[in-house]
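Results of the structural survey
Residue-level listing of the chains:
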Amino acid sequence: MFSENKTGFKAQVTQNFIGLMVIIIIAVAVVIPVVQDIVDDANLTGTTATIVELMPLLIAVALILIIVSFY
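Not measured: the values here are computed from a predicted model. All residue numbers refer to position in the chain's written sequence, counted from 1. pLDDT decides what is reported in this predicted model: residues at 70 or higher carry local features, side-chain atom pairs at 80 or more are listed and counted, and totals for whole chains, interfaces and linings draw on all residues regardless. Values reported for side chains reflect all heavy atoms of the structure, with hydrogen atoms and water molecules removed beforehand.

**Considerations on the environment of Ile32**
- Looking at where Ile32 falls in the secondary structure, it is placed in helix α1 (residues 2–41).
- Only protein chains enter the accessibility calculation, which uses a 1.4 Å probe; a residue is then buried when its area is under 20% of its type maximum, exposed when over 50%, and partly exposed in between. The exposure class of Ile32 is partly exposed, given its relative accessible area of 22%.
- Separated by 24 residues in sequence, Ile32 and Pro56 place their C-alpha atoms 5.6 Å apart.
- Every residue pair with non-hydrogen atoms within 4.5 Å of one another is taken to be in contact. Ignoring sequence-local partners within four residues, the contact set of Ile32 consists of Ala27, Pro56, Ile59 and Ala60. Per the convention used, a helix needs a DSSP run of H or I reaching at least four residues, while a strand needs a run of E reaching at least two, with both numbered from the N terminus.

The structure is reproduced here in C-alpha cells:
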C-alpha cells in the first residue's frame, strides 16, 4: 500500500515537473523574443514606449511566480 502511494506521488511530481519545464521553454524560447521583437518594431515614444518596454520583464516575473506557485 505504501509503495502504491509513493509511486503515485512520484508520477505526480514528474508530471508537474514536465509541465513546468514545457511552460519555461515556451516562455523563454517563444513568448519573450516575440514580444521583444514586436515592441522593437512598434515605434512608440514617451510613456507608452516605457510601459510597453516593460512587457518582457513582466512576462519573466509572471513566469517566476508560476514556478514558485508549483513548489
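On we go.
**Considering the confidence of the model for the protein chain**
- Per-residue confidence for the protein chain gives a mean pLDDT of 85, with 89% of residues at or over 70.
- Across the protein chain, helix α2 (residues 46–53) holds the top mean pLDDT of 93, while α1 sits lowest at 83. Per-residue confidence from the predictor is given as pLDDT, running between 0 and 100.

**Digging into a negative patch on the surface**
- Put simply, a patch holds well-exposed residues, over 30% relative accessible area, that have no salt bridge, with like charges counted together within 9 Å and Val, Leu, Ile, Met, Phe, Trp or Tyr side chains within 5 Å. Computed with the Shrake-Rupley method and a 1.4 Å probe, the accessible areas treat only the protein chains shown as cover for residues. Every case where a carboxyl oxygen of Asp or Glu lies within 4 Å of a side-chain nitrogen of Lys or Arg is listed as a salt bridge. Positive charge is attributed to Lys and Arg, negative charge to Asp and Glu, and no charge count is given to His or to the chain ends. To locate a charge, take NZ of a lysine, CZ of an arginine, CG of an aspartate or CD of a glutamate. Together, Asp37, Asp40, Asp41 and Glu53 give the surface a local cluster of negative charge.
- With three residues, α1 is the largest single contributor of residues to the negative patch.
- Here Asp37 shows up in helix α1.
- For Asp37, a relative accessible area of 45% translates into the label partly exposed.

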